[in-house]
Amino acid sequence: MTEDRLTIATDLARQAGALLREGYDQVTEVNYKGEIDLITEFDLRSEQLLVKGIQQAFPNDAIMAEEKGLVGEGEHCWFIDPLDGTTNFAHGIPIFVISLAFAQGSQPLLGVIYDPMRDELFHATIDGGAWLNDRRLHVSAATTLNESLLSTGFPYDMRTNPDNNLDHFARLILQSRGVRRLGAAALDLAYVASGRFDGYWEMRLWPWDWGAGLLMVKEAGGLVTRIDGGEEVFAEPTSILATNGHIHDEMIAVLNSK
Ligand code: IPD
Ligand code: CA
Ligand code: CA
């Protein structure tokens, strides 16, 4: 069941990737979902390609796609982010991915994250490990925050909601080797799985942002919880803390200190 879906998901991610690679420096029109929350025609075209492909191959699966919402119903559901990193994409910055997860209830069974500009295809299946192209992935070995490179992102309502991650950022940047902000949550998670980052946290993410990456980090030997340490992440939206496991408690302590 998962093997067939993995084949289709990787094939569709590559097709959507080709579409985004061709389109990324040709964005002519940008629309707004919120004050700083952008959408381009490529978010929609990529989503259309992915949803159509999944519906054709697996007509009984439900699909939760970022722009379209929920299509169908049932225990087996795909979570699709057709373009994670829209702000980068709209500004001609080549850091964006496609993220596809397939879950049974709240358990992701497979995840595919494709970075078309570097031709890096990350995938994970439950109990099958996490992979970057043909290479098995393992989280990093860093044991302290002091030797860790972190990543984060900021919520689109950061101007109006005071719970906007700036306090966490200020504390963690002073206690780590640095905090990057890639602008693509799914890629942040894939980078934790591949050991490039030691830890990543963000607030108010949706299942299409983290569905694939959560499985990838776990299959690479890491740990994923909410930033308060709670294990239930299927609430929408949720905070996410993903680390190599070794620095998890240290990060929770800093994230929850005043
Ligand atoms: C966003 C990106 C960004 C993160 C936001 C996400 P989008 O997704 O992943 O890095 O900080 O929270 O919503 O809108 O580009 O798909
Ligand atoms: Ca996203
Ligand atoms: Ca998106």
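Residues numbered from 1 in each chain as written. Chains lettered and ligands numbered in written order. Predicted model: local features only at pLDDT ≥ 70, side-chain atom pairs only at ≥ 80, totals over all residues. Heavy atoms only, no water.

Asks: Is there a simple way to think about the side chain of Asp61 in this case?
Replies: Assignment of secondary structure puts Asp61 in the loop between helix 2 (41-57) and strand 3 (62-65). A residue is classified by how much of its surface remains accessible, and Asp61, at 10% relative accessible area, is buried. Within polar-contact distance, the side chain of Asp61 engages the side chain of Arg5 at 2.9 Å. With residues up to four places along the chain from it excluded, the contact list for Asp61 reads Arg5, His76, Trp78 and Phe102. (Helix = DSSP H or I, 4+ residues; strand = E, 2+ residues; numbered from the N terminus. Buried < 20%, exposed > 50% of the residue type's maximum accessible area, 1.4 Å probe, protein only. Polar contact = N/O pair within 3.5 Å; in protein donor to acceptor, adjacent residues only side chain to side chain. Contact = heavy atoms within 4.5 Å.)

Asks: Explain the pattern of salt bridges here, please?
Replies: Between side chains of opposite charge, a pair can form as their charged atoms come close. The final tally for this structure, using the stated rule, is 11 salt bridges. Across the salt bridge formed by Lys33 and Glu67, the nearest N and O atoms sit 3.0 Å from each other. Taken together, the positions of Lys33 in the loop between strand 1 (30-32) and strand 2 (38-40) and Glu67 in the loop between strand 3 and strand 4 (69-71) put the pair 34 residues apart, joining distant regions of the chain. For Glu67, a relative accessible area of 21% corresponds to the partly exposed category. (Salt bridge = Lys/Arg side-chain N within 4 Å of Asp/Glu carboxyl O.)

Asks: Before we go on, may I ask you to explain helix 7 (residues 248-255) in this structure?
Replies: Because the α-helix completes a turn every 3.6 residues, residues three or four places apart line up on one side. Among the residues making up helix 7, those that are buried are His248, Met251, Ile252, Val254 and Leu255. Buried residues in helix 7, looked at end-on, bunch into an arc of 165°, giving them a common side. (Arc of directions from axis to C-beta.)

Asks: Sorry, what's going on with the coordination of the calcium ion (ligand 3) here?
Replies: Around a metal, the perfect tetrahedron of four donors has angles of 109.5 degrees, and the perfect octahedron of six donors has angles of 90 or 180 degrees. Within the protein, the atoms that donate to the calcium ion (ligand 3) are Glu66 (OE), Asp81 (OD) and Leu83 (O), at distances of 2.2 to 2.4 Å. Donor residues for the calcium ion (ligand 3), ordered by position in the chain, follow E-x14-D-x1-L. Here the calcium ion (ligand 3) and the calcium ion (ligand 2) are spaced 3.9 Å apart, linked through Asp81, which binds each one. Of the two residues, Glu66 sits in the loop between strand 3 and strand 4 while Leu83 sits in strand 5 (residues 76-84), which places them 17 residues apart along the sequence. On the basis of relative accessible area, Glu66 is assigned to the partly exposed category, the value being 22%. With a relative accessible area of 2%, Leu83 lands in the buried category. (Donors = N, O, S within 2.8 Å, 3.2 Å for Na, K, Ca; no water.)

Asks: What exactly am I supposed to notice about the site of ligand 1 here?
Replies: In the vicinity of ligand 1, 16 residues are found, and the nearest of them are Asp84, Gly85, Tyr156, Ala185 and Glu202. Within the contact set of ligand 1, an oxygen atom lies 2.8 Å away from a backbone nitrogen or oxygen of Ala185. For ligand 1, the protein covers 94% of the area, taking 380 Å² as the surface of the free molecule. Where the shell around ligand 1 is concerned, the elements lending two or more residues are strand 5 and strand 13 (199-205). In terms of residue count, the dominant contributor to the shell around ligand 1 is strand 5 (3 residues). Looking at side-chain class alone, the shell around ligand 1 contains 6 nonpolar, 4 polar and 6 charged residues. (Near = heavy atom within 4 Å. Areas by Shrake-Rupley, 256 points an atom, 1.4 Å probe, with all protein chains shown as cover. Nonpolar A, V, L, I, M, F, W, Y, C, P; charged D, E, K, R; others polar.)

Asks: Even after reading the chapter, I still don't get unusual backbone geometry, so can you show me in this structure?
Replies: In most cases, non-glycine residues show a negative phi, while peptide bonds are predominantly trans. Phi is positive for Asp127, which is not a glycine, with a value near 65°. Positive phi outside glycine occurs at Asn133, with the angle close to 50°. Residue placement: Asn133 occurs in the loop between strand 9 (129-132) and strand 10 (135-136).

Asks: Whenever I open this one, the pairing of strand 9 confuses me. Can you help?
Replies: Across 4 bridges, the pairing between strand 8 (residues 120-125) and strand 9 is antiparallel. Across the sheet, the residue bridging to Thr125 is Gly129, located in strand 9. The antiparallel hairpin formed by strand 8 and strand 9 contains 3 residues in its connecting segment, where Asp127 sits at a positive phi of about 65°. In the sheet, strand 9 pairs with strand 10 via 2 bridges, with the strands oriented antiparallel. The residue bridging Leu132 from the neighbouring strand is Arg135, located in strand 10. Between the end of strand 9 and the start of strand 10, which pair antiparallel, lie 2 residues, with Asn133 showing a positive phi angle near 50°. (Pairing = 2+ DSSP bridges.)

Asks: Even after reading the chapter, I still don't get the coordination of the calcium ion (ligand 2), so can you show me in this structure?
Replies: Protein coordination at the calcium ion (ligand 2): the donors are Asp81 (OD), Asp84 (OD) and Asp209 (OD), at 2.2 to 2.4 Å from the metal. Read N to C, the donor residues that coordinate the calcium ion (ligand 2) are spaced as D-x2-D-x124-D. By relative accessible area, Asp209 is classed as buried at 9%.

Asks: Before we go on, may I ask you to explain the packing of helix 1 (residues 2-23) against helix 2 in this structure?
Replies: The axes of two packed helices give the description: the angle between them and the distance between them. One can describe the packing of helix 1 onto helix 2 by two numbers: an axis separation of 10 Å at closest approach and a directional angle of 160°. Overall, the two elements helix 1 and helix 2 adopt an arrangement that is roughly antiparallel. Of the two elements, helix 1 crosses helix 2, and the hand of that crossing is right-handed. Packed against helix 1, whose contacting residues are Ile8, Leu12, Ala13, Gln15, Ala16, Leu19, Leu20 and Gly23, the element helix 2 presents Phe42, Arg45, Ser46, Leu49, Leu50, Gly53, Ile54 and Ala57 at the interface. Grouping the amino acids of the contact of helix 1 with helix 2 by side-chain chemistry returns 11 nonpolar, 4 polar and 1 charged. (Axes fitted to C-alpha atoms, helices over the stretch in contact; angles between N-to-C directions. Parallel < 35°, antiparallel > 145°, perpendicular 65-115°, else oblique. Left-handed = near helix turned anticlockwise from the far one by under 90°.)

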